[in-house]
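Topology and contacts: notes
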Amino acid sequence: MTPASKEELRLRLRENLRKFRGEEGYSQEEVAQLLGISRPTYTYYETGHTTPSIEDLYLLSQLYGRTMEDFLQ
């Protein structure tokens, strides 16, 4: 098995951000407020324009009851 490329990881991350948020029933605005960021910033995470910081990814993993690794699989 070969390591995933950076682009593959970014694609998985943005897909999982959307998926996990939807499964938990949060709006983008609610997640942004919980992270202490603006809704446009969070939207950029889900669309792949920017990548969440390690701190935000950790907070999201806690919010959704997932491991940080889950976001990249």
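For the structure, see preceding data.
Let me begin by describing the structure that accompanies this report. (Residues numbered from 1 in each chain as written. Predicted model: local features only at pLDDT ≥ 70, side-chain atom pairs only at ≥ 80, totals over all residues. Heavy atoms only, no water.)

What follows concerns the packing of helix H1 (residues 6-24) against helix H4 (residues 54-64). Each pair of packed helices can be described by the angle between their axes along with the distance between the axes. Closest axis-to-axis distance for the H1/H4 pair is 10 Å, and the angle between their directions is 35°. Note on packing geometry: the crossing formed by H1 with H4 is left-handed. For the pair formed by H1 and H4, the contact residues are Leu13, Leu17, Phe20, Arg21 and Glu24 on the first element and Leu57, Leu60 and Tyr64 on the second. For the contact of H1 with H4, the residue count by class is six nonpolar, no polar and two charged. (Axes fitted to C-alpha atoms, helices over the stretch in contact; angles between N-to-C directions. Helix = DSSP H or I, 4+ residues; strand = E, 2+ residues; numbered from the N terminus. Left-handed = near helix turned anticlockwise from the far one by under 90°. Contact = heavy atoms within 4.5 Å. Nonpolar A, V, L, I, M, F, W, Y, C, P; charged D, E, K, R; others polar.)

Here we take up empty space enclosed by the protein. Applying the stated rule across the entire model yields one cavity of 30 Å³ or more. There is about 50 Å³ of room inside the largest cavity. Taken together, Arg10, Leu13, Arg14, Tyr45, Gly48, Thr50 and Thr51 make up the lining of the largest cavity. Ranked by residue count, the leading element in the lining of the largest cavity is H1, at three residues. By residue class, the composition of the lining of the largest cavity is two nonpolar, three polar and two charged. (1 Å grid on protein atoms, 1.4 Å probe; cavity = no way out; pocket = protein on both sides within 12 Å on 5 of 7 lines; lining within 4 Å. Points joined across faces, edges and corners; volume = space filled by probe spheres on them.)

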